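Spelled out, the chains give:
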Amino acid sequence: MSAPPPPQPVYILRGHSSQIHALAFTLGNTHLLSGDASGFVILWHLASRRPVAVWRAHEGSVLKVEVITAPTTATLPTAGATDKTPNNEPRDLNESNAIDPRYWILTHGRDNSLHAWTFPTSALSTNLPCAPTDPPRSKPRLIASLGVNTMNFCPFTATHTASSDGMLIGVPAVIDSEAIDIMELPSGRRAHTRVRPETDGPKTGMAMALALRWGERGELELAAGYESGHCALLRLKTEGWETVYLSKPHSQPVLSLAMYTPQGWFVSTSADSLLVLHSPGTQEETRILDTNHLGQQGVAVRDDGKLVATAGWDGRLRVYKVGGKGMKEVAVLKWHREGAYAAAFGGVKILANEEDEEESSVTGSGVLGVVRQVGESRLLRGRDGREAQRHWVVGGAKDGRVSLWEVF
């Protein structure tokens, strides 16, 4: 029998005029955020394959985008605050259809800033960065901003505070790029400063990739990858930060790190060819897979912990199955002809639980709206529902394209 044909993307999103560095699905899988090297962010509606919001979030390259549930004490922008519509007309951003207070969009740029935006529920500019004209574009309402260190290209990591009344943001320290500061949003207060692993050996160099989570015992944990190739896990104790895991599996600087937060394991990639699974506290803490492909720039873990995806300098997306013996390559997704820099999974756990939950999420009803009315037994309906239930993996590359794939 002949071999099956290679997989093809479901669709290619074209709109950016520079390379893609950041991708993230919104809650409910109905929309996708993409950020590029020119500072633009596009919010795509997946069912229509069209943009519903385009704005320049940063003056430098976008390092990361993420959608989070707003802290419990979050308030709307000051009453009467206005912005401009795409027609340059004033708009009251406190109207019920202008912002969704349940969600924030976080963007991190090379302009040394991290922004928290309201999630828009009414139309903003949809003029794409690749369009021949560059008209003024309205933006979502800006909730808060932090001045951060982006000298080492390390994107932020975020988790809610213990009381869920704010966000904890981890970024490289302003004065010392080898250390990490953890700040509170929206207050901007530095909750923890100059966090670093304890080591008597060679220095780790600059922090390159981070992940925060709350552990099973309610202790804050920080995973970090470094310029030296080290990866570490630190845990906050009463007396301070404790290094519970430190390993140097990579011979080159760590490029990306992604954590499976329910269990605390994480994967790292580097300029070398290694994909490393770190499981601190287990019998085999470090498991190494040599992919034989240099430069896995981006990495993502699916929310069920079963799959890992990488974006490589060779333009390929690779999907790996996570099992008891480590990781195994199960798919190579080839479309981009130039380097791929970002990868992301759509959520699958939310789909598995849809019949047991009765809550709201984000969708594209009209332009943007609420996907589930109170009392509905299904998460999504119609066209949005069909798209959101697909097992998406996406990649972004140097060509400014975003490839949409459906896997497993």
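Source: prediction; values computed, not measured. (Residues numbered from 1 in each chain as written. Predicted model: local features only at pLDDT ≥ 70, side-chain atom pairs only at ≥ 80, totals over all residues. Heavy atoms only, no water.)

Novice: Would you mind showing me how to read the packing of aromatic side chains here?
Specialist: Aromatic ring pairs: the centre-centre distance and the angle between the two ring planes describe each pair. By the definition in use, this model includes 4 aromatic pairs. Relative to Phe 266, the ring of Tyr 245 has its centre 6.3 Å away and its plane inclined at 80°; by these criteria the two rings are edge-to-face. Of the two residues, Tyr 245 sits in strand E19 (residues 240-247) while Phe 266 sits in strand E21 (residues 265-270), which places them 21 residues apart along the sequence. Over the ring of Phe 156 we find Lys 64, and its NZ or CZ is 4.7 Å from the ring centre. Above the plane of the ring of Phe 153 lies Arg 110, whose end atom (NZ or CZ) is 3.7 Å from the centre. (Phe/Tyr/Trp six-rings, centres within 6.5 Å; stacked < 30°, edge-to-face > 60°. Helix = DSSP H or I, 4+ residues; strand = E, 2+ residues; numbered from the N terminus. Lys NZ or Arg CZ within 6 Å of the ring centre and 35° of its normal.)

Novice: Any chance you could explain the side chain of Thr 243 here in plain terms?
Specialist: With respect to the secondary-structure elements, Thr 243 resides in strand E19. At 2.9 Å, the side chain of Thr 243 forms a polar contact with the backbone nitrogen of Glu 198. In this structure, Thr 243 is in contact with Arg 196, Pro 197, Glu 198, Leu 233 and Leu 234, ignoring residues within four places of it in sequence. (Polar contact = N/O pair within 3.5 Å; in protein donor to acceptor, adjacent residues only side chain to side chain. Contact = heavy atoms within 4.5 Å.)

Novice: When you look at the confidence of the model for the chain in this model, what are you seeing that I'm missing?
Specialist: Parts of the model with low pLDDT should not have their predicted coordinates read in detail. Residues with a pLDDT of 70 or more make up 84% of the chain, whose mean pLDDT is 85. The low-confidence segment residues 76-99, where pLDDT is below 50, has 56 contacts with residues more than four positions distant or belonging to other chains. Note that pLDDT drops below 50 for residues 354-380; the model gives that stretch 70 contacts with residues more than four away or on any other chain. (pLDDT = per-residue confidence, 0-100.)

Novice: Please explain the pairing of strand E17 (residues 220-226) as it appears in this structure.
Specialist: Looking down a regular strand, the side chains alternate between one sheet face and the other. With 7 of its 7 residues buried, E17 lies for the most part within the structure. Residues Leu 220, Leu 222, Ala 224 and Tyr 226 line one face of E17 and the alternating positions Glu 221, Ala 223 and Gly 225 line the opposite face, and both faces are buried. Relative to E17, strand E16 (residues 207-214) runs antiparallel, the two being bridged by 7 bridges. Its bridge partner being in E17, Trp 214 is matched across the sheet by Leu 220. Two successive antiparallel strands, E16 and E17, enclose a turn made up of 5 residues, where Gly 218 displays a positive phi of approximately 80°. Direction of pairing for E17 relative to strand E18 (residues 231-237): antiparallel, over a ladder of 5 bridges. Note on E18: the bridge partner recorded for Gly 225 is Cys 231. Taken together, E17 and the strand that follows it, E18, pair antiparallel across an intervening segment of 4 residues, in which Gly 229 is found at a positive phi of about 100°. (Buried < 20%, exposed > 50% of the residue type's maximum accessible area, 1.4 Å probe, protein only. Pairing = 2+ DSSP bridges.)

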